Amino acid sequence: MRSESETVDEYLDEIPPERALAVNELRKLFTEVLPVYSETMKYNMPTYTNGNRVFAMASQKQYISLYFDRANAVKDVVSTGMKCSAGKSCVRFTKAENIDMIKIKKIIVASYSYE
């Protein structure tokens with residue numbers, strides 16, 4: 001889903017119901033574990049930034065994706081055994097129920113929260 005939303009709230013209102021719960025849970029998780037990061041809309045998706053550090057998520061037509069600026073985070077997600085595919089800087093979940101929020105939280109904390 002390519003969004004022209006100006007705010008994260010507007011973006012979340014556009015998400016299909018089958019993904020909305022998971023994406024809202026991810027947002028809650030990110031704002032909870034990354035309190036010093038700013039939540040904005042960049043690249044047409046919710047983005048979390050702290051200086052040069054960037055983390056983002058998107059609800060696409062066929063999947064929910066998480067974008068990392070750290071390659072080790074992508075490898076960490078893949079190594080958990082969650083059903084996902086990976087690109088150079090992202091992981092994609094075709095089904096919202098394949099996202100294990102506890103595992104994602106541990107990876108985000110390990111990769112981003114110390115800054």
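Residues numbered from 1 in each chain as written. Predicted model: local features only at pLDDT ≥ 70, side-chain atom pairs only at ≥ 80, totals over all residues. Heavy atoms only, no water.

## Focus on the environment of Ser 89
- Here Ser 89 shows up in the loop between strand E5 (85-86) and strand E6 (90-93).
- Among the residues examined, Ser 89 registers a relative accessible area of 34% and is labelled partly exposed.
- Other than its neighbours up to four places away in sequence, Ser 89 contacts Leu 66, Tyr 67, Phe 68 and Val 74. (Helix = DSSP H or I, 4+ residues; strand = E, 2+ residues; numbered from the N terminus. Buried < 20%, exposed > 50% of the residue type's maximum accessible area, 1.4 Å probe, protein only. Contact = heavy atoms within 4.5 Å.)

## A short note on the pairing of E6
- The sheet contact formed by strand E4 (residues 64-68) and E6 spans four bridges and is antiparallel. For Tyr 67, the partnering residue across the bridge sits in E6 and is Cys 90.
- Here two bridges tie E5 to E6, and the two strands are oriented antiparallel to one another. Directly across from Ser 85, in E6, lies its bridge partner Arg 92.
- Between E5 and E6, which follow one another and run antiparallel, lie three residues. (Pairing = 2+ DSSP bridges.)

## Some details on helix H3 (residues 71-79)
- Turning to H3, its buried residues number three or more, namely Ala 73, Val 74 and Val 77. Considered in projection along H3, the buried side chains sweep an arc of 100 degrees and stay on one side of the axis. Those residues of H3 that are exposed and angled more than 90 degrees off the buried face are Lys 75 and Ser 79.
- Summarising the contacts, the buried residues of H3 are in contact with E4, E5, E6 and helix H4 (101-112).
- Where H3 ends, the next residue or the one after it, Gly 81, has phi of about 90 degrees, a positive value. (Arc of directions from axis to C-beta.)

## Notes on the pattern of salt bridges
- Inspection of the entire model under this criterion finds four salt bridges.
- For the salt bridge of Lys 105 with Glu 32, the shortest nitrogen-to-oxygen distance reads 2.9 Å. Highlighted residues: Lys 105 in helix H4 and Glu 32 in helix H2 (residues 17-33), separated in sequence by 73 residues.
- You can call Lys 105 partly exposed: its relative accessible area is 32%. (Salt bridge = Lys/Arg side-chain N within 4 Å of Asp/Glu carboxyl O.)

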